[in-house]
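Chain by chain, the residues:
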Amino acid sequence: MTSLRPFRTLQGRFTVLLSLLILLMMGVLAYWNISRESRLMEEALLREGKALAESFAISCTNTLLYEEIGLVEEGGLLDNFIADLMARKDLNIVYAMLLDPKGNVIAHHKPTEVGALYEDAVTRSALASWHTLVQNPSPAVFDIATPLAISTKRWGTLKIGISTEPLKRELSKLIFRYVLYAGGLVMGLIGAIAFLFGLITKPLKSLSKEMDSLTIREDLITAPPVREDEVGVLQRSFYRMVRRIQEDEKERERMIENLHRTEKMVAIGKLGTGMAHEINNPLGGLLNCLYHFKKGTVPRGKEREYLDLMEEGIRRIQRVVSNLLEYARNPKLEAAPTDLGSLIERSLALLDYPIRKGRIKIEKSLPEDGIVVEVDKDQMGQVLVNVFLNAIQAMPEGGILGVRAEVLAEEVHITISDTGKGISKEVLPRVFDPFFTTKGQEKGTGLGLWLSQGIVERHGGTIHLSSDLGKGSVVRIRLPLRSKTKEV
Ligand SMILES: Nc1ncnc2c1ncn2[C@@H]1O[C@H](COP(=O)(O)OP(=O)(O)OP(=O)(O)O)[C@@H](O)[C@H]1O
Ligand SMILES: [Mg+2]
């Protein structure tokens, strides 16, 4: 089965995508919630701060009013208020002070500040405001200022600073809790998604395994029971497809068998007619001679000639029969790794006499490191001799016999060319037919190329002849380097 990288699988991709989506959603949700919570917390803090400042402002205003009208002697009352404010534990107050309308410090939690004049922007805005004013001079503090006034009469301003530190602490705790819960939830969801997808893809994986292990020729009886879900539908379609392919395959095999049978019948028919013709011709001559001998009508002095004719006829029949026997006796190949160069050399050596006599020049082109090919060397030698001989016989006036061999894509290509008389277009399609010859009864049986084709095809190769009338012919033989022998 093909193994997939985890992120290439549907399960992997869906898990990653859905997890990212959930993470994004959780992130947006958490951001929205945290900012809302932080706003609420800030509002509560300021509400509390404002309420505190305003309630203290009343006491301070009263004290200042009574002092002005001479009801009370101030005598440290305001300082006490400031000290009370600083002592509050519910709010983290970092400073508290009372200022007169000009900005002079009347009372301060730091006694050394009393008498100082504050003219900063925050103080100026506070002094100018006629209602409680909240300012944020730095991220660490909220400044709350309340006017000490009754109607339009103003004695000064109460200013307190509330630290934002507790707010920040709460916020970080909140974020931490969110991250923890959201993280746990996301992990849980990813696990659940992966598990659910696993439930879907597991049967698909086992179906694919099953598909891989099933060969088309195998019966489907061994197949496991079909499931009832969508995967089952797929499984059933797959089995139906396999059955269709099996039926098609059987049909194809039947057709090939029929074709082979027809081809064989045609070949046998051709061979039979050829043989009858090849044997009948010399037999006719023989019977004719015998008739004359029996009747005593052989012309005087011609006895010897008649006997020679009879011998020639018998030898011809013998040649035809022995050629066919040779072919019939060797249907099996004994293929073994063979050096093609030496096989060519040996075949040429057998034809040494006709080569020299015919003034034929040999031109060879073979790779330097040689070619080893798996063939039956006797039978392939026979093929080479047949083809070389045809080339030699096609060049009665002499010429060039070329032999080239090369390896191309696990095949050896042997090209044998001659500069002989060539073959006409009418004759060319018949050269591989048994008993087809243009050389006359005495010289050729017409079996050379037919036998050669049979041998080459049994090696799993092909033989092809092309020709240019008057210029020469080329025979191309292709053989697999490693034997793929087959019955032909
Ligand atoms: N190289 C060639 N040049 C020209 N014609 C050829 C060549 N090779 C084959 N032929 C033609 O193909 C015919 C059939 O060849 P094949 O080898 O089968 O029989 P043959 O040579 O006639 O007889 P045998 O091989 O029995 O001696 C030949 O008679 C010839 O006409
Ligand atoms: Mg021949």
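Analysis parameters
Residues numbered from 1 in each chain as written. Chains lettered and ligands numbered in written order. Predicted model: local features only at pLDDT ≥ 70, side-chain atom pairs only at ≥ 80, totals over all residues. Heavy atoms only, no water. Domains from an automatic or database assignment. Axes fitted to C-alpha atoms, helices over the stretch in contact; angles between N-to-C directions. Helix = DSSP H or I, 4+ residues; strand = E, 2+ residues; numbered from the N terminus. Parallel < 35°, antiparallel > 145°, perpendicular 65-115°, else oblique. Left-handed = near helix turned anticlockwise from the far one by under 90°. Contact = heavy atoms within 4.5 Å. Nonpolar A, V, L, I, M, F, W, Y, C, P; charged D, E, K, R; others polar. Buried < 20%, exposed > 50% of the residue type's maximum accessible area, 1.4 Å probe, protein only. Arc of directions from axis to C-beta. Pairing = 2+ DSSP bridges.

Q: An account of the domain arrangement of the protein chain is needed here, citing residue identities and associated values.
A: When cut into domains, the protein chain gives domain 1 (6-171), domain 2 (243-329) and domain 3 (332-488). With centres defined by C-alpha atoms, the gap from domain 1 to domain 2 works out at 124 Å.

Q: Help me get a handle on the packing of helix α7 (residues 340-350) against helix α9 (residues 377-393), residues and values and all.
A: The relative placement of two packed helices is expressed as an angle between their axes plus a distance between the axes. The contact between α7 and α9 brings their axes to 9 Å, and the two run at 55 degrees. With respect to α9, the axis of α7 lies oblique. Between α7 and α9 lies a crossing of right-handed hand. Side by side, α7 and α9 meet where L343, I344, R346, S347, L348 and L350 of the first sit next to K377, M380, G381, L384, V385 and F388 of the second. Of the residues contributing to the contact of α7 with α9, the split by class is 8 nonpolar, 2 polar and 2 charged.

Q: Summarise helix α3 (residues 121-128); cite the residues concerned and give the values.
A: For an α-helix, the turn length of 3.6 residues means that residues three or four places apart are oriented alike. For α3, every residue scored as buried is listed here: V122, T123, A126 and L127. End-on view of α3: buried residues confined to an arc of 130 degrees, all on one side of the axis. Exposed residues lying more than 90 degrees from the buried face of α3 are R124 and A128. Of the surrounding secondary structure, the elements contacted by the buried residues of α3 are β1 (93-99), β3 (133-138), β4 (141-150) and β5 (153-163).

Q: If you had to explain the pairing of strand β12 (residues 472-480) to someone new, which residues and values would you point to?
A: Bridge count for strand β10 (residues 411-418) against β12 is 7 bridges, and the pairing is antiparallel. From the neighbouring strand, T415 faces β12, where its bridge partner is R476. Bridge count for strand β11 (residues 462-468) against β12 is 7 bridges, and the pairing is antiparallel. Note that in β12 the partner of H464 across the bridge is R476. Hairpin connection between β11 and β12: a loop of 3 residues separates the two successive antiparallel strands, and G470 in this loop has a positive phi of roughly 85 degrees.

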